[in-house]
Structure formats: C-alpha cells, structure tokens
Amino acid sequence: MTQAHDSIFLTTADGSRFRVRSARAEDDGTIKDFFSHVSRTDLRFRFLSGINEVSPAQIAMLAHPDRAQSESYLAFTADGSMMIASGMLAGDDAGEHGEVAIAIREDHKHKGVGWSFLSYIAQQAAAKGLKTLESIESRENHEAIAVERDMGFAVRDVPDDPSHVIVSRTLAVQ
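Residues numbered from 1 in each chain as written. Predicted model: local features only at pLDDT ≥ 70, side-chain atom pairs only at ≥ 80, totals over all residues. Heavy atoms only, no water.

**Section: the packing of aromatic side chains**
Tallying each qualifying case throughout the model produces three aromatic pairs. Geometrically, the ring pair formed by F34 and F35 is edge-to-face, given 4.8 Å between the ring centres and 65° between the ring planes. R46 extends its terminal NZ or CZ atom over the ring of F47, reaching a point 4.5 Å from the ring centre. (Phe/Tyr/Trp six-rings, centres within 6.5 Å; stacked < 30°, edge-to-face > 60°. Lys NZ or Arg CZ within 6 Å of the ring centre and 35° of its normal.)

**Overview of the nonpolar core**
Judged by nonpolar contacts, the single largest core of 25 residues is most densely connected at F18, V20, F117 and L133. Elements that contribute at least two residues to this core include exactly β2 (7-11), β3 (17-22), β4 (70-77), β5 (83-91), β6 (97-104) and α4 (113-127). The element that contributes the greatest number of residues to this core is α4, accounting for eight residues. Setting aside anything within four residues of it in sequence, one finds F18 in contact with I8, F9, L10, T12, A75, F76, T77, A78, I84, V113, S116 and F117. Counting residues in each nonpolar core, the second largest holds 17 residues, with F34, L43, I51 and A103 among its members. (Core = buried A, V, L, I, M, F, W, Y, C linked by side-chain atoms within 4.5 Å. Buried < 20%, exposed > 50% of the residue type's maximum accessible area, 1.4 Å probe, protein only. Helix = DSSP H or I, 4+ residues; strand = E, 2+ residues; numbered from the N terminus. Contact = heavy atoms within 4.5 Å.)

**So, the pattern of salt bridges**
Under the counting rule described, the total for this entry stands at nine salt bridges. Linking D27 and R21 is a salt bridge whose minimum nitrogen-to-oxygen distance equals 2.8 Å. Taken as a pair, D27 and R21 share a single burial class, namely buried. A salt bridge links K109 to D42, with the nearest nitrogen and oxygen atoms 2.8 Å apart. Note that K109 is positioned in the loop between β6 and α4 and D42 in helix α2 (residues 40-47), a separation of 67 residues in sequence. Assessed through its relative accessible area of 13%, D42 is described here as buried. Taken together, the shared-partner salt bridges in this structure form one network comprising D42, K109 and E143. (Salt bridge = Lys/Arg side-chain N within 4 Å of Asp/Glu carboxyl O.)

**Digging into unusual backbone geometry**
The phi torsion at L48 lies on the positive side, around 55°, for a residue other than glycine. By the element assignment, L48 lies in the loop between α2 and α3 (56-63). Judged by its relative accessible area of 34%, L48 is partly exposed. Although it is not a glycine, D160 sits at a positive phi angle of roughly 65°. Residue placement: D160 occurs in the loop between β8 (154-158) and β9 (161-170).

This is how it looks when you write it as structure tokens:
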C-alpha cells in the first residue's frame, strides 16, 4: 500500500494496482456512472433489493456520508481514469461494530479488487476502533461469501430470514 496525495494505492495478489480514496462531494456523477457498469445481480447483492438503477438519494448517501459514523471509499484504476469499486463502512452509535458493503464494476471482477478493497476497509475499521466488522449478504452471493470466509469472516444465519446471512469478523483494534 502506497499513498499519492489523498489516494492510497493497493496491490492485488496478481500485482495489479488501483487507487482508493474517500468519496468527495463532487463525486455524484462519477458514482452514478460507476453503478451503470455494475450488473443487476450485483446491484441486488449490494443494496439487498431488486433495483435496476441506483437512486439519486443512494448516490448522495455514498458521495456525502455522515463522516461521524460512516465513510464511503471509491476505488479507481491506477491512473485514476475509471471508478472500479465502491465501499461503504458504517459504524454503530457505540463505535464498536461496523458494517461494510462493496460493489465492483462488472469488468473488474475476478481480478483481486474485492479482496484487496475489503482488506483495506477492514484496516480502516480497526483504525477507527471498531471491534467487529460485518456484512449482510444474500445467501446467493457465493463469491462474496467465499472471499469473506477466506479473510476470516464467520458466517451465520439471519434469524427469521433464510435468504440472507451475516458474515462477521473480530478486528484487531489498532
């Protein structure tokens, strides 16, 4: 991981590099364009509903997070020309538990971006003092659940909801 201005460069297992930075107020259009390149299935997995496009309110939430309790991270190609992933980290009121949600552009899946991006967000959660990190996943999102399991997340059922699981990991607070 290296830093350039306000971006952090991450490297995937195969040596590919991409940059990550916090969302900015002017990112609405970039985020909207990004989600037009995310498959409908992945939109459903990310927002846990059957949407065809991300609403202006959802985009605004990602571009203008309440930084006291949440942070929105954007990932770009190494040269910064294309947004390839979006990640949201939201902490609870007590500052102990965080929830993460990630979406990856369709043509950048299966390249290690998800693994590296989730690892980075988990590090950020630990640096904020969060003790656990979790995600609510569709039981059908086998790829994400496999990545999370590989990263030490435990999977448990959601009470009274057979279509979803909760994946969670205890963080080493920094």
